Amino acid sequence: ERRERERKLSKEMAEKATKELEKMQLQEKAEIKYKEWLKKKRAEEAEKKKKEKEKEKEREAELQEKKARAEKIFKEWLHSARNKPRPLLYGYGFPHGKSSGLYFYYTYVIT
């Protein structure tokens with residue numbers, strides 16, 4: 001009986017030792033997988049930030065180009081506007097720049 005108890009005890013201790021060893025191995029594998037996952041996640045975040053910066057640069061470049069184009073068109077319009085004839089203020093019912101006669105605005109207003 002004593003030998004059987006010792007054998008059972010040694011067998012139980014061996015089983016406990018193997019279970020703890022397996023548990024430690026599983027923990028190590030889990031840590032390795034977690035580190036790999038974390039590394040992958042950080043790489044994805046870095047890539048995402050890089051793409052966002054590129055998009056922002058593209059937007060800024062487009063904005064600059066649009067602004068330059070608008071400025072060029074405005075300058076062309078300003079240059080061409082100087083050469084256009086001015087409208088006549090003293091014609092068609094506007095003597096001295098004020099409306100009178102048939103074309104007087106307040107004659108058509110309903111009171």
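Residues numbered from 1 in each chain as written. Predicted model: local features only at pLDDT ≥ 70, side-chain atom pairs only at ≥ 80, totals over all residues. Heavy atoms only, no water.

(A) Seen up close, the overall build of the chain. When you go through the chain residue by residue, the secondary structure sums to one helix and zero strands. Counting all 111 residues of the chain, 2% fall into the buried class. (Helix = DSSP H or I, 4+ residues; strand = E, 2+ residues; numbered from the N terminus. Buried < 20%, exposed > 50% of the residue type's maximum accessible area, 1.4 Å probe, protein only.)

(B) Just the pattern of salt bridges, in detail. Tallied over the full model, the rule gives three salt bridges. Two residues, R59 and E56, come together in a salt bridge whose shortest N-O distance is 2.8 Å. With R59 and E56 both in helix α1 (residues 2–83) and three residues apart, this pair spans about one turn of that helix. Residue E56 is classed as partly exposed on the basis of its relative accessible area, which comes to 36%. (Salt bridge = Lys/Arg side-chain N within 4 Å of Asp/Glu carboxyl O.)

(C) Structural context of a nonpolar patch on the surface. Together, F74, W77 and L78 make up an exposed nonpolar region whose accessible area comes to about 320 Å². Looking at the element boundaries, W77 is found in helix α1. On the basis of relative accessibility, which here comes to 48%, the residue W77 falls in the partly exposed class. (Patch = residues over 30% accessible without salt bridge, like charges linked within 9 Å, V, L, I, M, F, W, Y side chains within 5 Å. Areas by Shrake-Rupley, 256 points an atom, 1.4 Å probe, with all protein chains shown as cover.)

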